[in-house]
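Topology and contacts: notes
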Amino acid sequence: MTRLNRQWRLARRPTGDIGPADLELVEAPVPALAAGEVLVRNVYLSLDPTNRIWMSDMDQYLPPVEIGAVMRGGTLGVVEESKDPEIPVGAVVLTGLAGWQDYEICAPGVARVVPQLPGLPLTAYMSVLGATGLTAYFGLLDIGQPKPGETVVVSAAAGAVGSIVGQIAKIKGARVVGIVGSAAKADWITRDLGFDAAINYKTEDVGAALDRHCPNGIDVNFENVGGAIMDAVMARMNNFSRMALCGMISTYNAEGPVPGPTNFTSILMHRIKVQGFIVIDYLPRAAEAMSDLIPWVATGQLKYKVHVEKGLETAPQAVKRLFTGDHDGKLLVEVSAPPGAAA
Ligand SMILES: NC(=O)c1ccc[n+]([C@@H]2O[C@H](COP(=O)([O-])OP(=O)(O)OC[C@H]3O[C@@H](n4cnc5c(N)ncnc54)[C@H](OP(=O)(O)O)[C@@H]3O)[C@@H](O)[C@H]2O)c1
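Here goes a summary of the coordinates provided. Given the structure is predicted, the values throughout are model-derived calculations rather than measurements.

Basis of the calculations
- Sequence order as written defines residue numbering, which begins from 1 separately in each chain.
- For this predicted model, a pLDDT threshold of at least 70 governs which residues receive local features, and a threshold of 80 or more governs which side-chain atom pairs are given and counted, while totals over whole chains, interfaces and linings are taken from all residues.
- To get the side-chain values, all heavy atoms of the structure are used, and hydrogens and water are removed first.
- Proximity is defined per residue: any heavy atom of the residue falling within 4 Å of a molecule or strand makes that residue near it.
- Definition of a polar contact: a pair of N or O atoms within 3.5 Å, with one able to donate and the other able to accept a hydrogen when the atoms are protein atoms, and with sequence-neighbouring residues admitted only if both atoms are side-chain atoms.
- Computed with a 1.4 Å probe, the accessible areas rest on the Shrake-Rupley method; for each residue, only the protein chains presented here act as cover.
- Helix and strand definitions follow DSSP, with helices as H or I runs of at least four residues and strands as E runs of at least two, each counted in order from the N terminus.
- Each residue receives one of three labels: charged for Asp, Glu, Lys and Arg, nonpolar for Ala, Val, Leu, Ile, Met, Phe, Trp, Tyr, Cys and Pro, and polar for the others, Gly being one of them.
- Note that the domain bounds reflect an automated or database-derived domain assignment.
- Between N-to-C directions, angles cover 0 to 180 degrees, with each direction set by a line fitted to C-alpha atoms, over the stretch in contact for helices.
- Angle categories are assigned with fixed cut-offs, so that under 35 degrees is roughly parallel, over 145 is roughly antiparallel, 65 to 115 is roughly perpendicular, and the rest are oblique.
- By definition, any crossing whose near helix is turned counterclockwise from its far helix by less than a right angle is left-handed, and any crossing with a clockwise turn is right-handed.
- Working rule for contacts: check all heavy atoms of both residues, and any pair within 4.5 Å makes them a contact.
- Only centres within 6.5 Å qualify two rings of Phe, Tyr or Trp (six-membered ring in Trp) as a pair; their planes then separate them into stacked at under 30 degrees, edge-to-face at over 60, and tilted for everything else.
- For the exposure calls, accessible area comes from a 1.4 Å probe over protein chains only, and a residue counts as buried if that area is under 20% of its type's maximum, exposed if over 50%, partly exposed in between.
- To form a nonpolar core, buried Ala, Val, Leu, Ile, Met, Phe, Trp, Tyr and Cys residues must be joined to one another through side-chain atoms within 4.5 Å.

For the rest of this paragraph, the subject is the site of the ligand. Taken together, 26 residues surround the ligand, and among them Lys185, Tyr201, Asn224, Val279 and His327 come closest. One of the backbone nitrogen or oxygen atoms of alanine 160 is found 2.8 Å away from an oxygen atom of the ligand. Valine 279 is positioned such that a nitrogen or oxygen atom in its backbone is 2.7 Å from an oxygen atom of the ligand. Coverage of the ligand by the protein chains reaches 89% of its 910 Å² of free accessible surface. Within the residue set of the shell around the ligand, elements represented by two or more residues are helix H3 (160-171) and helix H10 (321-324). By residue class, the composition of the shell around the ligand is 17 nonpolar, eight polar and one charged. Inspection of the shell around the ligand shows a minimum of three residues originating in each of domain 1 (4-122 + 305-334) and domain 2 (131-282 + 290-296).

Turning to the packing of helix H2 (residues 131-144) against H3, a few remarks are in order. In the contact formed by H2 and H3, the axes pass within 8 Å of each other and the chain directions differ by 45°. Classified by the angle their axes make, H2 and H3 are oblique. Viewed along their axes, H2 and H3 form a crossing whose handedness is right-handed. Contact residues: Thr132, Thr135, Ala136, Tyr137, Leu140 and Leu141 in H2; Ala160, Val161, Ile164, Val165, Ile168 and Ala169 in H3.

Moving on, we get to the packing of aromatic side chains. Applying the stated criterion to the full structure yields five aromatic pairs. Note on tyrosine 137 and phenylalanine 138: the rings are 5.1 Å apart at their centroids and 80° apart in plane angle, and the pair reads as edge-to-face. No difference in accessibility class separates tyrosine 137 from phenylalanine 138, as the two residues are buried. Measuring from ring centre to ring centre gives 6.1 Å for phenylalanine 222 and phenylalanine 277, while their planes differ by 70°; the resulting arrangement is edge-to-face. Residue phenylalanine 222 is found in strand E11 (residues 218-223), and its partner phenylalanine 277 is found in the loop between strand E13 (273-276) and helix H8 (286-298); the two are separated by 55 residues along the sequence.

Time to look at the nonpolar core. Residues Leu76, Leu140, Ile168, Ile189, Phe222, Leu293 and Leu302 are the most contacted members of the largest nonpolar core, which totals 51 residues. Per-domain counts for this core show at least three residues from each of domain 1 (4-122 + 305-334) and domain 2 (131-282 + 290-296). Setting aside residues no more than four positions away along its own chain, leucine 140 makes contact with Thr135, Gln145, Pro146, Val152, Val165, Ile168, Ala169, Val220 and Phe222. Membership of the second largest hydrophobic core comes to 24 residues, among which are Val153, Val177, Val206 and Met243.

In most cases, non-glycine residues show a negative phi, while peptide bonds are predominantly trans. Phi angles above zero are rare outside glycine, and alanine 156 is one such case at about 45°. Checked against the element boundaries, alanine 156 lands in the loop between strand E8 (151-155) and H3. Phi is positive for arginine 271, close to 50°, though the residue is something other than glycine. The residue arginine 271 is located in the loop between helix H7 (265-269) and E13 in this model. Overall, the relative accessible area of 42% leaves arginine 271 in the partly exposed class.

Quick look at the environment of alanine 183 now. One can find alanine 183 in helix H4 (residues 183-192). Residues alanine 183 and methionine 126, 57 residues apart in the sequence, show an inter-C-alpha distance of 26 Å.

See below:
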């Protein structure tokens, strides 16, 4: 039986926001497996702000997705056929960056069986126990290095990464202030996640609110947004403070060169240590993070949310939610039914 594989391919590079003609849905037959390969039916696709970066041809940490190629994206799926004696049919596997498609043929050694822990849904491995959790963990602890009593500020604080960062900072004894884009998000991070304060950048003067909530200045900035929010935080950073530059989502849809911080001299005057980082550099240390993240999740100390859109066809519209904030937790697409789901 020839299977057909729906694939979202990059048709052209977006100008500004991702547009309807930038991606096209095509069907391609799934070829026969070679020795050592496995055929995976994708179940969850991760949608990430970096998808927009990969669609552009700017200088970046991976090669841009080529025009005509399947859009890159992280996936988890179920093995439907296997020519790898180590990976049985039915295994739930992570397939790396298999992309926006129904099926993926994994080359030998690419698929990794998910070590499913009792009581945890598969979406956990695509969020808090996946790249999201690793990003938060290493960005905060390796680069930010918060100490008990210090003040940590995190932007996009109700998002996938930011919500985990704030909770880990609390576990480590810091005072945590989150910057978010709605009253509901502000409520969630303060009432449910234990942040000390939230600032709604859409309704408040961020600088004045930071002055109010950070009377002793800022020791760690976990930067997810860039632009004016980053400027407001950097203007209040203490001597010898640290800035983990995780992302600059406010700039990803911009055309042309992106301006840096307007107060660059504050790095000198306050001896701020600024370090950009990409989670893939930390993958060899994943076990170290998991030894903390798994018990924190299992004991309920670390909470997370996922926002699941159904159907591969929704992906190009759904990814835009990351830029409007119209999602509630780690944004995923359910490409096909998870194992065990009612038909
Ligand atoms: N360095 C790495 O390895 C790495 C890995 C993963 C993610 N990241 C970065 O981490 C950041 C968060 O990613 P995520 O996956 O966790 O996504 P997310 O926070 O779940 O979603 C993005 C959030 O950004 C906020 N946002 C969007 N446009 C904004 C703007 N113009 N100004 C202020 N806030 C804006 C929105 O929240 P509001 O409703 O609060 O505005 C939105 O919900 C991104 O910058 C991403 O590129 C980096």
